[in-house]
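Survey of secondary and tertiary structure
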Amino acid sequence: MAEMIENMAALMHGSHEARQCEGLSFTFSVSDRRLPNARYAVGARGAVSVSRDDHRTSTFTFTGETDRFDAVLRGMDSAIVALVRRRVHLRGSMSHILSLLRMMPAVTRAYNQARETLIERYAATYDFRF
């Protein structure tokens, strides 16, 4: 999981979306597994950094089960529907919601690219059935 999180940060780093969202930070908190939170921060010129188990306040914090995050980030489930049905919980500054919406295509793209990379890297070792 740590490799996935690091890959996502590298893929978002300097993206068009990230360059438009300086100062935005968001944390993913998985509720069904014992994993440290992943906090992404967007700095100057779209520099994206990630820290684990970082307790600083983020602009937004998402909380949900692993399969819910996966479904939303893979485009199999709508983020709005997941929020309305309380499958994923969002806490944060609604005055910054436009920055979050601006950044989400980069997050989704990075997740899918990182996921594919890991599947290819470990296909000979693990049997992926999803």
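So, here's what we can say about the structure.

Another point: the environment of M12. Along the chain, the position of M12 falls in helix α1 (residues 2–12). In this structure, the C-alpha to C-alpha distance between M12 and A106, residues 94 residues apart in sequence, is 5.9 Å. Setting aside residues up to four positions removed in sequence, M12 forms contacts with A18, F26, Y40, G46, V48, M103, A106, V107 and A110.

Looking now at the sheet that holds strand β3 (residues 48–52). Note: strands within a sheet are paired through backbone hydrogen bonds, in either parallel or antiparallel orientation. Strand order across the open sheet formed by five strands is β3-β2-β1-β4-β5, with mixed pairing between neighbours. Looking along the sheet, the strands with just one partner apiece sit at the ends: β3 and β5 (88–92). For this sheet, the mean inter-axis angle between neighbouring strands, taken without regard to orientation, is 20 degrees. Strand direction decides the pairing type here: strand β4 (residues 60–64) and β5, joined by five bridges, are antiparallel. Paired with F60 across the two strands is G92, which belongs to β5. Taken strand by strand, α1 contacts β1 (25–30), β2 (38–42) and β3, and its axis lies near 160 degrees from that of β3.

Reading the values: the criteria
- Along each chain, residue indices are assigned from 1 in the same order as the chain's sequence is written.
- With the structure being a predicted model, the display of local features is reserved for residues of pLDDT at least 70 and the display and counting of side-chain atom pairs for 80 or more, all residues being used for whole-chain, interface and lining totals.
- The side-chain quantities take in all heavy atoms of the structure and omit both hydrogens and water.
- Secondary structure follows DSSP: runs of H or I at least 4 residues long count as helices, runs of E at least 2 residues long count as strands, and numbering of each begins at the N terminus.
- For this analysis, residues touch if any pair of their heavy atoms sits within 4.5 Å.
- Here, a strand pair is defined by DSSP locating no fewer than two bridges between the strands.
- To get an axis, fit a line to the C-alpha atoms, keeping to the stretch in contact for a helix; angles then go from 0 to 180 degrees between the N-to-C directions.

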